Amino acid sequence: MERFTISSSSFRNDQPIPVKYSRDGGDISPALNWEGVKAGTKSFALICDDPDAPGGTWIHWVIYGIAGNSTGLPENIAKTETVTSLGGVKQGVNSYGSIGYGGPQPPRGHGVHHYHFQLYALDAEPNLAPRVTRQQLDAAMKGHIIAEADLVGTFERE
């Protein structure tokens with residue numbers, strides 16, 4: 001699988017995510033930027049999850065239909081099904097049962113959790129309505145992922 005680079009001005013790879021982006025803080029989505037994208041990318045999809053959650057992987061963000069010529073996402077994206085300010089980007093349901101970004105909130109004393117911001121470059125735009133689950137997005141992306149990137153942030157509640 002081809003790789004490209006995703007980064008954030010909000011936190012560095014493998015470093016703590018500031019409280020501002022957690023549910024204990026402002027619960028706003030961090031700014032993300034990417035580069036080195038493969039030619040032929042028609043759209044992007046991003047999934048943020050926490051594989052360290054005690055009950056299994058916890059989904060924090062499902063966002064898709066991001067234009068193929070995009071180079072990032074701004075901080076604090078509206079928690080709406082369709083983000084009109086981004087040209088109609090769609091958001092799915094997270095494990096909290098809400099739309100859009102849901103920041104870190106691991107159980108207190110559970111140690112460091114790792115939050116994976118997985119960005120997929122696709123050769124098509126998924127034909128999906130808003131409010132899909134990660135599983136539905138995964139199924140729609142199957143056979144269409146041409147490159148991927150991963151940014152990991154950590155968070156701990158003592």
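In this text, all values refer to a predicted model and were calculated from it rather than measured experimentally.

What follows is about the pairing of strand β10 (residues 113–122). Consecutive residues of a regular strand have side chains that alternate between opposite faces of the sheet. In terms of residue burial, β10 counts as a mostly covered element, since eight of its ten residues are buried. Two elements, strand β5 (residues 43–50) and β10, share seven bridges in a ladder whose sense is antiparallel. Paired with Cys48 across the strands is Phe117, a residue of β10. As defined by bridge partners, β10 adjoins strand β11 (residues 145–155) across ten bridges and the pair is classed as antiparallel. Across the sheet, Tyr120 pairs through a bridge with Glu148, a residue of β11.

The three strands lie next to each other as β2-β4-β7, forming an open sheet whose pairing is antiparallel. Every other strand in the sheet has two partners, leaving β2 (5–7) and β7 (72–73) as the edge strands with one partner each. As paired elements, β2 and strand β4 (residues 32–35) share three bridges and run antiparallel to each other. For Ser7, the partnering residue across the bridge sits in β4 and is Asn33.

Let us now look at the packing of aromatic side chains. To describe a pair of aromatic rings, one takes the distance between the centres and the angle between the planes. Enumeration according to the criterion identifies five aromatic pairs in this entry. Centre to centre, the rings of Trp34 and Phe44 are 5.1 Å apart; their planes meet at 50 degrees, and the pair counts as tilted. In this pair, Trp34 sits in strand β4 while Phe44 sits in strand β5, placing the two residues ten residues apart along the sequence. Since its relative accessible area comes to 5%, Trp34 is described here as buried. Overall, the relative accessible area of 0% leaves Phe44 in the buried class.

The next point concerns helix α1 (residues 134–141). Residues that lie three or four places apart on an α-helix share one face, since the helix turns once every 3.6 residues. When α1 is considered as a whole, its buried residues turn out to be Arg134, Leu137 and Met141. Mapping the buried residues of α1 onto a view down its axis gives an arc of 65 degrees, with all of them on the same face. Residues Gln135 and Ala139 are exposed on α1 and point more than 90 degrees away from its buried face. The elements touched by buried residues of α1 are β5, β6 (58–67), β10 and β11.

Time to look at the side chain of Thr41. Considering the arrangement of structural elements, one finds Thr41 in the loop between β4 and β5. Separated by 2.7 Å, the side chain of Thr41 and the backbone oxygen of Lys38 make a polar contact.

Now for the side chain of Ser29. Mapped onto the fold, Ser29 is located in the loop between β3 (15–16) and β4. Those residues in contact with Ser29 that lie beyond four places of it in its chain are Tyr21, Trp61, Pro74, Glu75, Asn76, Ile77 and Tyr101.

A separate point is the pattern of salt bridges. Within this structure, the stated rule accounts for nine salt bridges. Between Asp27 and Lys79 there is a salt bridge, with the nearest N and O atoms lying 2.9 Å from each other. Here the residue Asp27 occupies a position in the loop between β3 and β4, and Lys79 occupies one in the loop between β7 and β8 (82–83), the gap between them amounting to 52 residues. The buried category is assigned to Asp27, whose relative accessible area is 13%. Arg131 is the partner of Glu81 in a salt bridge, and the nearest nitrogen-oxygen pair spans 3.3 Å. On the criterion of sequence distance, the pair formed by Glu81 in the loop between β7 and β8 and Arg131 in the loop between β10 and α1 is long-range, its members being 50 residues apart. By relative accessible area, which is 43% here, Arg131 ends up partly exposed. Salt bridges linked by common partners bring Arg23, Asp27 and Lys79 together as one network.

What counts, and where the lines are drawn
- Residues numbered from 1 in each chain as written.
- Predicted model: local features only at pLDDT ≥ 70, side-chain atom pairs only at ≥ 80, totals over all residues.
- Heavy atoms only, no water.
- Buried < 20%, exposed > 50% of the residue type's maximum accessible area, 1.4 Å probe, protein only.
- Helix = DSSP H or I, 4+ residues; strand = E, 2+ residues; numbered from the N terminus.
- Pairing = 2+ DSSP bridges.
- Phe/Tyr/Trp six-rings, centres within 6.5 Å; stacked < 30°, edge-to-face > 60°.
- Arc of directions from axis to C-beta.
- Contact = heavy atoms within 4.5 Å.
- Polar contact = N/O pair within 3.5 Å; in protein donor to acceptor, adjacent residues only side chain to side chain.
- Salt bridge = Lys/Arg side-chain N within 4 Å of Asp/Glu carboxyl O.

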